[in-house]
Amino acid sequence: MRSQLSWAWSRFETAQYAEEVIARLDPANLNYAIRSDDQLHQLNRLELEPERLDIRAGVSLEALASYVSRHRLALLMLSNDAAADLGFLVGHTELRSLVIGACPALVDVTALSGLSIRHLDIAGPGSDMDLHPLSQLGNLETLMVSGPSGLEWSPQDLPVQAPLSSLSVSGEARPRRGLEGLGDFTQLTSLTLNRPSSPASADDWEQICGLSRLTDLSTTAASFETLPATALLNSVSSLSLIGGGGERVVQVAVNRLVKAFPGLIFCEFTGDMTAEGDVDLSPLAELPHLQSLSLAIDRDRVRGIDTLPSWVDLHLL
């Protein structure tokens, strides 16, 4: 309810709504949605100091920089057409969470170096953004990177000294040199890789196998064609595989699950599988801990259902 009231601010007279509604909201864990310079002015006028701001289009970079220079923020969500860099964040060591959304001009994130950010969600607008400054975020715990096909990332761009527990790559962003160096992030428990970033070689899989605390993994079914026969990821209990590539690709993945992922509890095949052929699930009967299995495929194209233990919750298209 508080979030809805904040979002509705732009629909009413700015000053009056600020006095009668915004000033009376409980600020605890509330993201204040800001869409104009005047709204920032009203926060100053009423001496309100929210720690969480959601800056949307309509706010000038000058007004934002001025406001941020005088206030402490714990969370900032930023969508700004003019921001080419994040210089206005220099010195904001109290900032813990940063979400960079629609910032089409943003190419320079050097200002993040040395900040105490723990949670970063960054949507790169293009290929010009250099993510290497992220290597200086020594307190980073969770990282989400997304972007178009031109955006490159690398484990070498990430802070190996940080307690990074969750890494997610989405969109069409691709790794610069495969997954080299990923195995150094031994505290990772959750790893989500888009199609371009999914392991494409035995060396890539070796990096993932080195993550002894990994419990949640999302990758492509096609990547199992390069999974070494000796690969073992017994800490992984939840696995999500993006389908596609034909029934042979999906079947190869199914056949490899028992030996490579003996601790699986939850497993799902997602994505468009309408062009796939039949799939035999009987190999999965040997997974001792499997409880939930989902496939985006018609039941009449699935064989071996009767071999699965009765406690397995099966979801089909």
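Look above for the structure.
Nothing here was measured: the structure is a model prediction, and the numbers come from that model.

Definitions and cut-offs
- Residues numbered from 1 in each chain as written.
- Predicted model: local features only at pLDDT ≥ 70, side-chain atom pairs only at ≥ 80, totals over all residues.
- Heavy atoms only, no water.
- Helix = DSSP H or I, 4+ residues; strand = E, 2+ residues; numbered from the N terminus.
- Buried < 20%, exposed > 50% of the residue type's maximum accessible area, 1.4 Å probe, protein only.
- Contact = heavy atoms within 4.5 Å.
- Areas by Shrake-Rupley, 256 points an atom, 1.4 Å probe, with all protein chains shown as cover.
- Lys, Arg positive; Asp, Glu negative; His and termini not counted.
- Charge placed at Lys NZ, Arg CZ, Asp CG, Glu CD.
- Polar contact = N/O pair within 3.5 Å; in protein donor to acceptor, adjacent residues only side chain to side chain.
- Salt bridge = Lys/Arg side-chain N within 4 Å of Asp/Glu carboxyl O.
- Axes fitted to C-alpha atoms, helices over the stretch in contact; angles between N-to-C directions.
- Parallel < 35°, antiparallel > 145°, perpendicular 65-115°, else oblique.
- Left-handed = near helix turned anticlockwise from the far one by under 90°.
- Nonpolar A, V, L, I, M, F, W, Y, C, P; charged D, E, K, R; others polar.

A short note on the overall build of the chain
And step 1. Helices and strands together make up the secondary structure of the chain, namely six helices and 17 strands.
And step 2. Its C-alpha atoms give the chain principal-axis dimensions of about 70 × 40 × 30 Å.
And step 3. Looking at the chain as a whole, 49% of its 317 residues are labelled buried.
And step 4. For the chain, the share of sequence-separated contacts (at least 6 apart) that also reach a separation of at least 24 residues comes to 44%.
And step 5. A total of about 14,200 Å² of accessible surface is found on the chain, and carbon and sulfur atoms cover 48% of it.
And step 6. Treating the 22 positive side-chain charges of the chain as one cloud and the 40 negative ones as another, the clouds have centres 3 Å apart.

Points about the environment of Ser135
And step 1. Tracing the chain through its elements places Ser135 in the loop between β5 (119-123) and β6 (142-147).
And step 2. Put simply, Ser135 and Ser113 are 22 residues apart on the chain and 7.7 Å apart in space, counted from C-alpha to C-alpha.
And step 3. If we skip the residues at most four places from it in the chain, Ser135 touches Gln156, Asp157, Leu158, Pro159 and Gln161.
And step 4. Here His132 takes part through its backbone oxygen, which lies 2.7 Å from a polar atom of the side chain of Ser135.

Some remarks on the pattern of salt bridges
And step 1. Applying the stated criterion to the full structure yields three salt bridges.
And step 2. We note a salt bridge from Asp54 to Arg56, for which the minimum N-O separation is 3.0 Å.
And step 3. Note on Arg56: relative accessible area 26%, which makes it partly exposed.
And step 4. With its nearest N and O atoms 3.1 Å apart, the salt bridge here joins Arg176 to Asp157.

What to know about unusual backbone geometry
And step 1. Of note, Asn29 is a non-glycine position whose phi angle comes to about 60 degrees, a positive value.
And step 2. As for its position among the elements, Asn29 is in the loop between α2 (14-20) and β1 (32-34).
And step 3. Even without being glycine, Glu47 reaches a positive phi, approximately 55 degrees.
And step 4. By the secondary structure assignment, Glu47 is in the loop between α3 (37-45) and β2 (52-55).
And step 5. Residue class for Glu47 comes out exposed when judged on its relative accessible area of 71%.

Some details on the side chain of Ser6
And step 1. Here Ser6 shows up in helix α1 (residues 2-7).
And step 2. A polar atom in the side chain of Ser6 sits 2.9 Å from the backbone nitrogen of Ala33.
And step 3. Residue contacts for Ser6: discarding those within four places in its chain leaves Ile22, Leu25, Asn31, Tyr32 and Ala33.

Topic: the packing of α3 against helix α4 (residues 61-70)
To characterise two packed helices, one gives the angle between the axes of the helices and the distance between these axes.
And step 1. Running from N to C, α3 and α4 cross one another at 20 degrees; their axes reach a closest spacing of 10 Å. It follows that α3 is roughly parallel to α4 by the angle criterion. The element α3 and its partner α4 pack so that their crossing is left-handed. Contact residues: α3 offers Asp37, Leu40, Leu43 and Asn44, while α4 offers Ala63, Leu64, Tyr67 and Arg70.
And step 2. Looking at the contact of α3 with α4 residue by residue, the classes come out as five nonpolar, one polar and two charged.

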